[in-house]
Protein chains: 2
Amino acid sequence: MSNEASYKDKKVITIGIVRELTGLSERQIRYYEERKLIFPERTPGGSRKYSFADIELLMDIAEKIEDGVQTFEIRQEMMKDKKKAEQAKLRKKMIQGQLNAQFGIRKA
Amino acid sequence: MSNEASYKDKKVITIGIVRELTGLSERQIRYYEERKLIFPERTPGGSRKYSFADIELLMDIAEKIEDGVQTFEIRQEMMKDKKKAEQAKLRKKMIQGQLNAQFGIRKA
DNA sequence: CGTGTAAGGAATTCTGACACG
DNA sequence: CGTGTAAGGAATTCTGACACG
């Protein structure tokens, strides 16, 4: 419950491999970053590093762009989704708090 | 049952990242390949590509080397393990065949 | 707006070899 | 045997800019 995403989210893939895996051009991949849709990490030397999750995200982005959606709209959607996910997490945490209050601490 | 290893086994990581993740030198990583302990793929340009599974394997190898085990011994162990895994798979397949023979084809 | 491209430079990776022990 | 290193070259990546539309 804290490790299963260890491979999917680790930023270890350079842009050339991402290009092969997604079929996008490096220009496109960098542009989506410029538009705040994707957030690669960097090596000490400055090379971008992506995760498998980033690759899937890039393919979603590319599909939307093909459908005529503009980058700022995609960003808005993503922020909305992110907010929803955070709220869901919060709700879950509150329910857990209720349970702990009523039935005692089960975690330790 | 055919996709959960999709991230772990995909060869997408360049040697510099592997160096960071394992703490090994590039010299060591390339040497273990020369000794047939590890089998990276290549980009069209010739750069090595490793998987997360390779990284874990490299760390196992490094540990054994520290313990004084020689590369050819490690290779022998690996071949033995590989053979065992294949036999286990075979047994599984034969049992499945027995089941199918007795209770009919359930797969389709 | 989203993408292609040429430009120049820097970081990355490659191989084969010498060294040590 | 396993590893470090300097050498020279090739592949990879980076940024900022011009172009088109």
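All values reported here derive from a predicted model rather than from experimental measurement.

**Student:** Whenever I open this one, the protein's contact with DNA strand D confuses me. Can you help?
**Tutor:** In the region of DNA strand D, 21 residues are neighbours, and Arg48 of chain A together with Ser25, Tyr31, Tyr32 and Thr71 of chain B sit closest. Contact between DNA strand D and Thr14 of chain A: a phosphate oxygen at 3.2 Å from a side-chain N or O atom of the residue. Between DNA strand D and Tyr32 of chain B there is a distance of 2.8 Å, counted from a phosphate oxygen to a side-chain nitrogen or oxygen. Secondary-structure elements contributing two or more residues to the surface near DNA strand D are helix H1 (15-22) and helix H2 (26-34) of chain A together with helix H2 (26-34) of chain B.

**Student:** Help me understand the interface of chain B and chain A in this model?
**Tutor:** On the side of chain A, 14 residues touch chain B, which itself brings 14 residues to the contact. When chain B packs against chain A, the two sides together hide about 1300 Å² of surface, and 72% of this comes from carbon and sulfur. Across the chain B-chain A interface, the total number found is two salt bridges. Of the charged contacts in the structure, one is a salt bridge between Lys49 of chain B and Glu20 of chain A, with a shortest N-O distance of 4.0 Å. Contributing elements (two or more residues each) for the side of chain B that touches chain A: helix H1 (15-22) and helix H3 (52-66) of chain B. For the side of chain B that touches chain A, the element with the highest residue contribution is H1 of chain B, accounting for three residues. Residue composition of the side of chain B that touches chain A, by class: seven nonpolar, two polar and five charged.

What counts, and at which threshold
- Residues numbered from 1 in each chain as written.
- Chains lettered and ligands numbered in written order.
- Predicted model: local features only at pLDDT ≥ 70, side-chain atom pairs only at ≥ 80, totals over all residues.
- Heavy atoms only, no water.
- Near = heavy atom within 4 Å.
- Polar contact = N/O pair within 3.5 Å; in protein donor to acceptor, adjacent residues only side chain to side chain.
- Helix = DSSP H or I, 4+ residues; strand = E, 2+ residues; numbered from the N terminus.
- Contact = heavy atoms within 4.5 Å.
- Buried area = accessible area lost by both parts, 1.4 Å probe.
- Salt bridge = Lys/Arg side-chain N within 4 Å of Asp/Glu carboxyl O.
- Nonpolar A, V, L, I, M, F, W, Y, C, P; charged D, E, K, R; others polar.

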